[in-house]
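Structural description and commentary
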Amino acid sequence: MKHFTAAVLLCGATFLGATAQNIIITDKDGVTHKFNADYVKEITFEKIQSQGDAINLDIASVDVNPYSLTNIELILQSENGDNLDLDLYQPSTMWLTPGNYVVGGSDSHTIDAGYSSAVIGGEKKDVKSGILDVKLDGETYTFTADFIVGDDVNVKGSFTGKLPKFGPIADFSLTGVSYVEVNDPEPNGFYYRFNDENWKLEMRIDLFSEGNAPKAGTYTFSESTDNGCAGSYVNLYSPYNDSTQFKEGTVTVEENSENTVVTINGVLENGLSMTASFNGTLPARPTE
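How each quantity is defined
Residues numbered from 1 in each chain as written. Predicted model: local features only at pLDDT ≥ 70, side-chain atom pairs only at ≥ 80, totals over all residues. Heavy atoms only, no water. Helix = DSSP H or I, 4+ residues; strand = E, 2+ residues; numbered from the N terminus. Buried < 20%, exposed > 50% of the residue type's maximum accessible area, 1.4 Å probe, protein only. Contact = heavy atoms within 4.5 Å. Areas by Shrake-Rupley, 256 points an atom, 1.4 Å probe, with all protein chains shown as cover. 1 Å grid on protein atoms, 1.4 Å probe; cavity = no way out; pocket = protein on both sides within 12 Å on 5 of 7 lines; lining within 4 Å. Points joined across faces, edges and corners; volume = space filled by probe spheres on them. Nonpolar A, V, L, I, M, F, W, Y, C, P; charged D, E, K, R; others polar. Pairing = 2+ DSSP bridges. Phe/Tyr/Trp six-rings, centres within 6.5 Å; stacked < 30°, edge-to-face > 60°. Salt bridge = Lys/Arg side-chain N within 4 Å of Asp/Glu carboxyl O. Lys, Arg positive; Asp, Glu negative; His and termini not counted. Polar contact = N/O pair within 3.5 Å; in protein donor to acceptor, adjacent residues only side chain to side chain.

As for the overall build of the protein chain
Secondary structure summary: the protein chain contains one helix and 21 strands in total. When the 288 residues of the protein chain are sorted by exposure, 41% land in the buried category. Contacts in the protein chain between residues at least 24 apart in sequence constitute 43% of all its contacts with a sequence separation of at least 6. Entry remark: accessible area of the protein chain is about 16,100 Å², with carbon and sulfur atoms responsible for 47%.

Section: the layout of surface pockets
Quantified by volume, the largest pocket comes out at close to 430 Å³. Surrounding the largest pocket, 18 residues form its lining, Pro164, Lys165, Phe166, Asp171 and Tyr240 being those nearest its centre. Counted by class, the lining of the largest pocket contains ten nonpolar, two polar and six charged residues.

Structural notes on the pairing of strand β17 (residues 229-236)
Most of β17 is tucked away, with six of its eight residues classed as buried. Bridge analysis of strand β15 (residues 201-208) against β17 gives seven bridges, and the strand direction is antiparallel. From the neighbouring strand, glutamate 202 faces β17, where its bridge partner is asparagine 235. Two elements, strand β16 (residues 217-221) and β17, share two bridges in a ladder whose sense is parallel. Paired with threonine 220 across the bridge in β17 is cysteine 229. Inspection of the sheet shows β17 paired to strand β18 (residues 242-244) by three bridges, in the antiparallel sense.

Details of the packing of aromatic side chains
The relative placement of two aromatic rings is captured by the distance of their centres and the angle of their planes. On inspection of all chains with the given rule, the structure shows seven aromatic pairs. A centroid spacing of 4.5 Å and a plane angle of 5° characterise the contact between phenylalanine 221 and phenylalanine 246, whose relative ring orientation is stacked. Pair noted here: phenylalanine 221 is in strand β16 and phenylalanine 246 is in strand β19 (residues 246-256), with a separation of 25 residues, a long-range link. Phenylalanine 221 sits in the buried class, given a relative accessible area of 8%. Among the residues examined, phenylalanine 246 registers a relative accessible area of 6% and is labelled buried.

Description of the pattern of salt bridges
Under the criterion given, the structure shown has seven salt bridges. The salt bridge partner of glutamate 210 is lysine 215, with a shortest N-O separation of 2.6 Å. Residue glutamate 210 is classed as partly exposed on the basis of its relative accessible area of 44%. A relative accessible area of 43% means that lysine 215 is categorised as partly exposed.

What about the side chain of threonine 110?
Topologically, threonine 110 is positioned in strand β8 (residues 110-111). The buried category is assigned to threonine 110, whose relative accessible area is 14%. The contacts of threonine 110, once residues within four sequence positions are left out, are Asp87, Leu88, Tyr89, Tyr101, Val102 and Gly105.

Examining the side chain of aspartate 87
Tracing the backbone through its elements, the reader meets aspartate 87 in strand β6 (residues 83-89). Within the buried set, aspartate 87 has no salt-bridge partner at all; the shortest N-O distance to an opposite charge, 12 Å, is to lysine 124. A distance of 3.0 Å separates the side chain of aspartate 87 from the side chain of asparagine 71, its partner in a polar contact. When neighbours within four sequence positions are excluded, aspartate 87 is seen to be in contact with Tyr67, Asn71, Ile72, Thr110, Ile111, Asp112, Tyr115 and Ser116.

Brief notes about unusual backbone geometry
Cis rather than trans, the peptide bond between serine 238 and proline 239 has omega equal to -5°. Mapped onto the elements of the fold, proline 239 is located in the loop between β17 and β18. Positive phi, close to 55°, is recorded for tryptophan 199, a residue that is not glycine. With respect to the helices, strands and loops of the structure, tryptophan 199 is situated in the loop between β14 (189-196) and β15. Unlike most non-glycine residues, serine 257 shows phi in positive territory, near 60°. Considering the arrangement of structural elements, one finds serine 257 in the loop between β19 and β20 (259-268). The exposed category is assigned to serine 257, whose relative accessible area is 72%.

What follows is the structure, given as structure tokens:
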């Protein structure tokens, strides 16, 4: 039975005691609905949520945990602990791709309801249906969420900002460095292996410069070993699982007090843009 206003239903209920009588209800659009009183056992009122009663999730931050290039956990988090924890599937890409992610959808952008949930008012609820619209402008994402959770509660929210990881530009803080001994090194070559704190990346950077240490300045990735050129070998671990190298970009070397600052900026052969930086002491080239 459709649900109508309380006043109209109560008026109709006064006829229940009569036999061979009809209950006639006129809805808000002026359409009448007729019910034989003999067939109506009881009339109850069910609380439903109107569109204006949708809960607005005040999203303050977004966390992303890529399990693979196709499966990503995305958490839209408010400051009070309410959140949408969504299990997304996308085409195999090295960053979160834009699109409409639909719960139970059949296309390339889907949300698995079985591994998704919401926390509203401190209570965990199932995600039943809905859409997450993802837009990307440069490095900035815009997320617009519209879901039905739990007992048919409509939850909405939006957020605009950069992702802490798995965005279109991978950014690494390099914390470790060692010198690499290679066969037949170039007389002007300096060979370093860098890694980040969690070993999600291991990267060899070759710098070609005259002198006993790389001179301050900008080195350009190239196949050449001329002074001012750079080479690379990049191992990307979780979640990328790829070995590649820079097809273009630069390495900048600066002296800062007792430390050397190395800044790397470029595009890998697999299409992923990357920035990385190191601030510390570069190991000396071994003497023969």
